[in-house]
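One-letter residues, chain by chain:
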Amino acid sequence: MSSESEEQQLSKKAAKKEAAKLEKMRRRQEAAALASAASSLSVEEEDSYSSNYGDVTLPELKSCSKPDAGNWSIAISSMDWTRVGALTEELKEKEVLIRGRVHTTRPVSKNMAFVVVRERGFTVQCLVATHEAGVSRQMVKFVAALNRESIIDAIGMVSVPGNPIKGTTQQVEIHVRKLYCVNKAMPTLPINVEDAARSDAEIEAALQAGDKLPRVNQDTRLNFRVLDIRTPANQGIFRIQCQVGTIFRQFLLSEGFVEIHTPKLIAGSSEGGSAVFKLDYKGQPACLAQSPQLHKQMAICGDFGRVFEVGPVFRAEDSYTHRHLCEFTGLDVEMEIKKHYSEVMDIVDRLFVTMFDSLNEKCRMELEAVGKQYPFEPLKYKPKTLRLTFEEGVQMLKDAGVEVDPLGDLNTEAERKLGQLVLEKYDTEFYILHRYPLAVRPFYTMPCYDNALYSNSFDVFIRGEEIISGAQRVHVPEFLAERAQACGIDVNTISTYVDSFRYGVPPHGGFGVGLERVVMLFCALGNIRKTSLYPRDPQRIAP
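This is a predicted model, so every value here is computed, not measured.

Parameters at a glance
- Residues numbered from 1 in each chain as written.
- Predicted model: local features only at pLDDT ≥ 70, side-chain atom pairs only at ≥ 80, totals over all residues.
- Heavy atoms only, no water.
- Helix = DSSP H or I, 4+ residues; strand = E, 2+ residues; numbered from the N terminus.
- Buried < 20%, exposed > 50% of the residue type's maximum accessible area, 1.4 Å probe, protein only.
- Contact = heavy atoms within 4.5 Å.
- Areas by Shrake-Rupley, 256 points an atom, 1.4 Å probe, with all protein chains shown as cover.
- Core = buried A, V, L, I, M, F, W, Y, C linked by side-chain atoms within 4.5 Å.
- Pairing = 2+ DSSP bridges.
- Salt bridge = Lys/Arg side-chain N within 4 Å of Asp/Glu carboxyl O.
- Polar contact = N/O pair within 3.5 Å; in protein donor to acceptor, adjacent residues only side chain to side chain.
- Expected span 1.5 Å × (residues − 1).
- Arc of directions from axis to C-beta.
- Phe/Tyr/Trp six-rings, centres within 6.5 Å; stacked < 30°, edge-to-face > 60°.

**Thoughts on the overall build of the protein chain**
Consideration 1: Secondary structure assignment for the protein chain yields 17 helices and 17 strands.
Consideration 2: Per-residue burial for the protein chain yields a buried fraction of 50% across its 543 residues.
Consideration 3: Look at the contacts in the protein chain between residues 6 or more apart in sequence, and 70% of them connect residues 24 or more apart.
Consideration 4: For the protein chain, the computed accessible surface area is about 27300 Å², with 51% contributed by carbon and sulfur atoms.

**Some remarks on the environment of G510**
Consideration 1: By the secondary structure assignment, G510 is in strand β17 (residues 508-514).
Consideration 2: In the structure, G510 is positioned 53 residues away from S457 in sequence and 9.4 Å away in space, judged by C-alpha atoms.
Consideration 3: If sequence neighbours within four positions are ignored, G510 has contacts with V333, E334, V344, F458, S469, G470, A471 and R473.

**Brief notes about the nonpolar core**
Consideration 1: One finds F248, F352, M355, F458, I468 and F511 to be the most contacted residues of the largest nonpolar core, which totals 53 residues.
Consideration 2: Among all residues touching I468, those that are not within four sequence positions of it are V348, F352, F458, D459, V460, F511, G512 and V513.
Consideration 3: V102, V115, V172 and L179 belong to the second-largest nonpolar core, a separate cluster that totals 27 residues.

**Things to note about the sheet that holds strand β10 (residues 284-288)**
By definition, the strands of a sheet pair up through backbone hydrogen bonds, in either a parallel or an antiparallel sense.
Consideration 1: The strand order across the open sheet built from three strands is β8-β10-β9, with neighbouring strands paired in antiparallel fashion. Every interior strand has two partners, whereas the edge strands, β8 (265-266) and β9 (278-281), have only one.
Consideration 2: Relative to β10, β9 runs antiparallel, the two sharing four bridges. Bridge assignment links D280 to a residue of β10, and that residue is P285.

**Section: the pattern of salt bridges**
Consideration 1: Under the criterion given, the structure shown has 34 salt bridges.
Consideration 2: Of the charged contacts in the structure, one is a salt bridge between D153 and R99, with a shortest N-O distance of 2.7 Å. One end of the pair, D153, is in strand β5 (residues 151-159); the other, R99, is in strand β2 (residues 95-109), with 54 residues separating them in the sequence.
Consideration 3: Here R323 and E415 are joined by a salt bridge, their closest N and O atoms 3.3 Å apart. Of this pair, R323 sits in the loop between β11 (306-314) and β12 (327-336) while E415 is found in helix α14 (residues 412-426), placing the two residues 92 residues apart along the sequence.
Consideration 4: The class of R323 is buried, set by a relative accessible area of 9%.
Consideration 5: Judged by relative accessible area, which is 5%, E415 ranks as buried.
Consideration 6: Overlapping salt bridges, with partners in common, bring together R101, R118, E149 and R230 in one network.

**A closer look at the environment of Y53**
Consideration 1: Position of Y53 relative to the elements: it lies in strand β1 (residues 53-55).
Consideration 2: Residues Y53 and Y180, 127 residues apart in the sequence, show an inter-C-alpha distance of 5.0 Å.
Consideration 3: Discounting chain neighbours no more than four positions away, the residues touching Y53 are D47, S136, Q138, M139, F142, L179 and Y180.
Consideration 4: Reaching out from Y53, the side chain makes a polar contact with the side chain of D47 at a distance of 2.4 Å.

**So, the sheet that holds strand β13 (residues 386-389)**
Consideration 1: Across the sheet, which stays open at both edges, the eight strands sit in the order β7-β11-β12-β17-β16-β15-β14-β13 with mixed pairing between neighbours. Where the open sheet ends on each side, the last strands, each with one partner, are β7 (258-259) and β13.
Consideration 2: The pairing of strand β14 (residues 430-434) with strand β15 (residues 457-462) spans five bridges and is classified as antiparallel. What sits directly across from Y431, in β15, is F461.

**Looking at α14**
Consideration 1: In a regular helix each residue adds 1.5 Å, so 15 residues correspond to 21 Å; α14 covers 21 Å between its end C-alpha atoms and thus fits that length.
Consideration 2: The set of residues buried in α14 consists of A414, E415, L418, G419, L421 and V422. Taken around the axis of α14, the buried residues stretch over an arc of 165°, which confines them to a single face. Of the residues in α14, the exposed ones pointing more than 90 degrees away from the buried face are E413 and E424.
Consideration 3: Positioned one or two residues after α14, D427 has a phi angle of 55°, which is positive.

**Quick notes on the pairing of strand β6 (residues 173-183)**
Consideration 1: Summarising burial for β6: nine of the eleven residues are buried, a large majority.
Consideration 2: Two strands pair when backbone bridges link them, and strand β4 (residues 122-129) and β6 are joined in this way by three bridges, in the parallel orientation. Looking at β6, one finds that Q125 is bridged to E173.

**Thoughts on the packing of aromatic side chains**
What characterises a pair of aromatic rings is the spacing of the ring centres plus the angle enclosed by the ring planes.
Consideration 1: Counting across every chain of the model gives twelve aromatic pairs.
Consideration 2: Each ring, one from F443 and one from Y497, has its centre 6.3 Å from the other, and the planes form 90°; the classification is edge-to-face. Placement of F443 in the loop between β14 and β15 and of Y497 in helix α16 (residues 495-500) is noted, with a sequence separation of 54 residues between them. The pair formed by F443 and Y497 is uniform in burial state, with each residue classed as buried.
Consideration 3: Taken together, a centroid distance of 5.1 Å and an interplanar angle of 75° make the contact between Y497 and F501 edge-to-face.
Consideration 4: According to the relative accessible area criterion, Y497 is buried, its value standing at 1%.

Below, the structure written as structure tokens:
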């Protein structure tokens, strides 16, 4: 490169840097001018429109039914509420009453201020100006001084601006004539929702332009979770999670399943091993249930035929990974098997394909909100779910140069590699791997009829990560006790469970899946703490 070219390149970089610096200075000067305008609004003249704004009084907030309890009560008494998300052009020139949070305020002058109101992820711009009937300078000042995240009620006329509104979800504007603060937020918040809602791409783009935007790290988000979950992405995540639970219930009920509720205080381990939360139960040793496994099987013994449960699951493992929690919501299924354990896999197949189809159809806005902050590619899955045996999976790994124990479990790295290989070969990110080695499965797993080293069990994977474990269960009591002892479990602690099979029980099987993990992997979020409302891991038990 010639010296002249180098000088031109350096000159361009310097000019770009100087432009970014000037833009930053301009923003600061503009913010200072706006703040000055807000603080200097006159309060000298008597306000004849004082009833049109202000703080809602405590008596009114006590659900006082008197129509003349206060200005706010009188103003809203004869009006219906309109959701911010429902504010569209069809409501042009209609008067509406909305409630939401103060997302941002922008004083323009003594006579005009803007306030963006947010409700459940939707935002609308509101104009408060003295040229509107009933609006005074004092009201403009009141609005300009509102703290972010305060709850307000606003009454005004819906208008459709000539140009698109940037920065709000709704493309209409409300010309406010009355506005009341229902509840004040602190002047300075631990985190700003606007900061918490930014994507990494936005932050990086700002850095490239010479500006630095706050980055809210995960621990800070979780410490102030009540603020963090107000972001559009989080509103989307937990509405998607709600839909997952709804589809789970609706599908299984349509298939003849019965919802049950099993105890979470039990006398012994439900999964084997030592990863249990132990506690004193009226002088007796007890623990929190690691799963509803034993009791949902006992429900099959009780002739329910097909059962499911949605409830908390507790694991005392010291797992500090992106996909483990000490408490999560379990989606559990147990069902009678007529002939073959593939009947359980058939339910898994149809349940989750139905779930994915429904999420893509009914949660488009929520998925878009999540993707805006956490970009991801839609999940690839087939109408009929791919099934591979464990041996076939091991062979695929070996062919790719990955050596794994043919009778051991797959580690995280091997699971991800297999997921990559399956995607390349079969064009799907959702598949079932079955006939696992018996040695890596719980004591109640039925061995294969043709090879005692393997079992009638399966795992299900999304994007290269295990999401479901299932199997046919051992329902012969003598064999069950033998398996428990072989796995180091004191049979006396599960005697009621083993005895329940002595009264006659059909062959059966089932599976369990973590609700939070389903949402995490469907949306490719990378960390299960993003899909747990208030996560509980080895280091966190608050808020």
